[in-house]
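Results of the structural survey
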Amino acid sequence: MQVLNILDNLKTPELQKWKETQVTKLRPWSEFFNRSKFIFPEKNYDFLLSRISKNLDYFQTNYLLLFIGLLVYSILTNPWLVIIGVCSSYSYYYLFYLRKEPLVIKGREITDFEKTTALGIITIIGCLLGGIYSTICWLLGFTILVILIHAIFYKQEDLSINL
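As the structure is a computational prediction, the values presented were derived from the model and not from experiment.

Re the overall build of the chain
- Along its length, the chain carries 8 helices and 2 strands.
- Written out in order from the N terminus, the α and β elements of the chain read α-α-α-α-α-α-β-β-α-α.
- For the chain, the proportion of its 163 residues judged to be buried stands at 25%.
- Partitioning the contacts of the chain with sequence separation of at least 6, the portion at a separation of at least 24 is 83%.
- For the chain, the accessible surface area stands at approximately 11,700 Å², while carbon and sulfur atoms represent 69% of it.

Quick word on the side chain of His150
- Structurally, His150 can be placed in helix H8 (residues 132-153).
- Here Phe32 takes part through its backbone oxygen, which lies 2.9 Å from a polar atom of the side chain of His150.
- Excluding residues within four positions of it along the chain, His150 makes contact with Phe32, Phe38, Asn55, Phe59 and Tyr63.

Some points on the side chain of Thr143
- Tracing the sequence through the fold places Thr143 in helix H8.
- If sequence neighbours within four positions are ignored, Thr143 has contacts with Phe67 and Leu70.

Details of the pattern of salt bridges
- Under the defined criterion, the tally for this structure stands at 4 salt bridges.
- Between Arg99 and Glu101 there is a salt bridge, with its nearest N and O atoms 4.0 Å apart.
- Classification of Glu101 as partly exposed rests on a relative accessible area of 46%.
- Among the salt bridges present, the one from Lys115 reaches Asp112, with a minimum N-O distance of 3.4 Å. Of this pair, Lys115 and Asp112 both sit in helix H7 (residues 112-129), 3 residues apart, which is roughly one turn of that helix.
- The buried category is assigned to Lys115, whose relative accessible area is 9%.
- We classify Asp112 as partly exposed; its relative accessible area is 25%.

Basis of the calculations
Residues numbered from 1 in each chain as written. Predicted model: local features only at pLDDT ≥ 70, side-chain atom pairs only at ≥ 80, totals over all residues. Heavy atoms only, no water. Helix = DSSP H or I, 4+ residues; strand = E, 2+ residues; numbered from the N terminus. Buried < 20%, exposed > 50% of the residue type's maximum accessible area, 1.4 Å probe, protein only. Contact = heavy atoms within 4.5 Å. Areas by Shrake-Rupley, 256 points an atom, 1.4 Å probe, with all protein chains shown as cover. Polar contact = N/O pair within 3.5 Å; in protein donor to acceptor, adjacent residues only side chain to side chain. Salt bridge = Lys/Arg side-chain N within 4 Å of Asp/Glu carboxyl O.

Here it is, written out as structure tokens:
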């Protein structure tokens, strides 16, 4: 099946190495939320950009987990997206795993590619009707805002630069 081939291709050594790197870059949440480290940055544009860049690199995995948490929250708080996700997932599962005989419509056997394409189009239409645009805009906007505020105001001793 094509779906299984795609999933097998995701298990590349590069992806495994990236995952291991991200796990080692995960900083303790107590350090991430340490209120004593939040101060106003200097009024120097280069210093501010340097602080943002270094914090983005240092807390990269924490920011990724924050994004994933907000993604899960935004999906769970939009009931239409939950219903669409469940229906879509079950449709894929039924057509590719539970159904043993081939799907035949008007005497013609439907290929895996055609089933995947049809389910993908139906899922996209359902997501559009379920308000995916507003959810994506909220998710991206809020995530970027939170990450930028943290990256701007979080000061680390080893981040100071001589300008």
